[in-house]
Amino acid sequence: MRKSLARSATFTTRYLWCALAVFILGGLASAQPAKLGAEFQVNTYSYSGQRYPTVARDGDGDFVVLWNGPESIGAGNGVFGQRFSSAGAAVGVQFLVNTYTTGSQGRPAVAMGAAGDFVVAFMSVQDQDNYGVFARRFDANGGALGGEFQLNQYTVSAQRIPRVGRRSSGDFTAVWQSPREGGGGYGIFARRVSSAGAVQASEFQVNTYTTGTQKYPSIGMTGAGAFVVAWQSDGQEGDLGIFARRFDSSGNALATEFQVPSYITGDQAEPTVAVDADGDFVIAWHSAEDGSGAGIFARRFSSAGVALGLEFQVNTTTAGTQRFAAIAAESDGDFVVNWEDSGGLDGNIAGVFGKRFTSAGAAQGPEFQVNTYFTDDQRRPAIGMTGTGAFVVAWMSDTQDGYLFGIFGQRFAGGGATIDVDGNGVVDALTDTLLMLRYVFGFRGNTLITGAVGGGCTRCSAPDIEAYIDTLD
């Protein structure tokens, strides 16, 4: 669905202004990811509150957003979805994921394949003893591949907060929090499912430390199916702490669980994890470590689970509270972290912010604000990313759709949108800006690059530079 940028009026306008910004500001304006179009409303039905969005993208940049909201006036919540093209146009209409509609269904998680097929996991009261965890598969056209099916085998009390990871073959693994058999608080459990929707084994416990409560799991998975699970553990290191464990593609633990942060004073909570194509991973969470409310921190690990340095602070602005991190990584390991800021940076109670990093953990520009609507609260971001780094963020926006919270989204260009066209690590008005301007006005081949490629370039030829500019949409 990608259009040729040479024929796109939208591209011409957007990147002409970006190129001029680079020239005027010496590259500072371009250090932030470029927004593609305006923020947009995801949900069609707006009565009451729409909450807890989750988003995933396929290899072409098409994406799907899931959330929970009321099925009708006076009814309980259901899980809804809306598909979009890579250009941000709605594909089809808002659809209901769950077929069982008694009581409430909510807190969806989604994982999408390169071709656009996807699986949704969610909580539902249909196991007759509080919430259970269910899943439903969909093809690339949004067609349901059968009905929902239950993932948890232990059904006493509530199984909650599912997350899901998908491998290239379509097999997937879901994780959730559940009361442990025999009591003793919650633990983290998982189950593997084939691409055809057949469970591959019994559910299994992820955590080995079983005192207190383990909650809020997150999962990241490679294309080959190896995965890492992170969670919040109460009392294991004195306060709330973040722990993780690695597994192979057959669900076998590769080592025991390990503590993620090195800083353990106060609470560290609600982790999120992203894995790159090589299996290296990064985990982000919110922590009291920044000295003002909570802040967002992250730590990188190799595919073998070896820490690649200490944790580092993601947010630059520390006033107020930054929490509810969301993270996504592209194939080469560059990643973006988003979060909810309650420090009033946008003039209101809460806004959605983000920051982009290289695979080595170096910031690619300053933190940036995702939302452009500033009235009331913007909360609970979710992010989906292509392998080349283009991404979309979805969040809850209070009163923007006229009723409590609605779900809104914003698309961003890939490549860090630094407009470092020749790839030499420097955004330069006399090289990168000139290349962008020439491309906009139709120059190709040697006419495009002569005298406009910087020293130390990694994209030096006309075909490489033309292909790179095309990825910015």
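Only a predicted model underlies this, so the values are computations on that prediction, with no experimental measurement involved.

## Thoughts on the packing of aromatic side chains
A full pass over the atoms with the stated rule returns 18 aromatic pairs. Between F227 and F247 the ring centres are 5.0 Å apart and the planes differ by 10°, which places this aromatic pair in the stacked class. Here F247 lies in strand β16 (residues 240–247) and F227 lies in strand β15 (residues 227–234), a separation of 20 residues in the sequence. The residues F227 and F247 share a single accessibility class, namely buried. In this arrangement the basic side chain of R380 is found over the ring face of F324, its NZ or CZ atom lying 3.6 Å from the centre.

## Side note on the sheet that holds strand β24 (residues 351–357)
Reading across from one edge, β22-β23-β24-β25 is the order of the four strands in this open sheet, with antiparallel pairing throughout. Each edge of the open sheet is held by one strand with a lone partner, namely β22 (322–329) and β25 (368–369).

## A few points about a nonpolar patch on the surface
Taken together, the side chains of Y47, Y403 and L404 present a nonpolar region at the surface, about 290 Å² in accessible area. Residue placement: Y403 occurs in the loop between β27 (391–398) and β28 (405–412). In this structure Y403 comes out as partly exposed when scored by relative accessible area, which is 42%.

## A word on the pattern of salt bridges
Scanning the model with the defined rule gives six salt bridges in all. In this structure, R380 and E270 form a salt bridge, with 3.8 Å as the shortest nitrogen-oxygen distance. Taken together, the positions of R380 in strand β26 (residues 378–385) and E270 in strand β18 (residues 268–275) put the pair 110 residues apart, joining distant regions of the chain. For R379, the salt bridge identified is with D377, shortest N-O distance 3.2 Å. Here R379 and D377 have matching classes, each one buried. Three or more residues are tied together by salt bridges with common partners; here these are R323, E340, D377 and R379.

Thresholds, definitions, all that
- Residues numbered from 1 in each chain as written.
- Predicted model: local features only at pLDDT ≥ 70, side-chain atom pairs only at ≥ 80, totals over all residues.
- Heavy atoms only, no water.
- Phe/Tyr/Trp six-rings, centres within 6.5 Å; stacked < 30°, edge-to-face > 60°.
- Helix = DSSP H or I, 4+ residues; strand = E, 2+ residues; numbered from the N terminus.
- Buried < 20%, exposed > 50% of the residue type's maximum accessible area, 1.4 Å probe, protein only.
- Lys NZ or Arg CZ within 6 Å of the ring centre and 35° of its normal.
- Pairing = 2+ DSSP bridges.
- Patch = residues over 30% accessible without salt bridge, like charges linked within 9 Å, V, L, I, M, F, W, Y side chains within 5 Å.
- Areas by Shrake-Rupley, 256 points an atom, 1.4 Å probe, with all protein chains shown as cover.
- Salt bridge = Lys/Arg side-chain N within 4 Å of Asp/Glu carboxyl O.

From the geometry alone we can't say anything about function, so treat these as descriptive.
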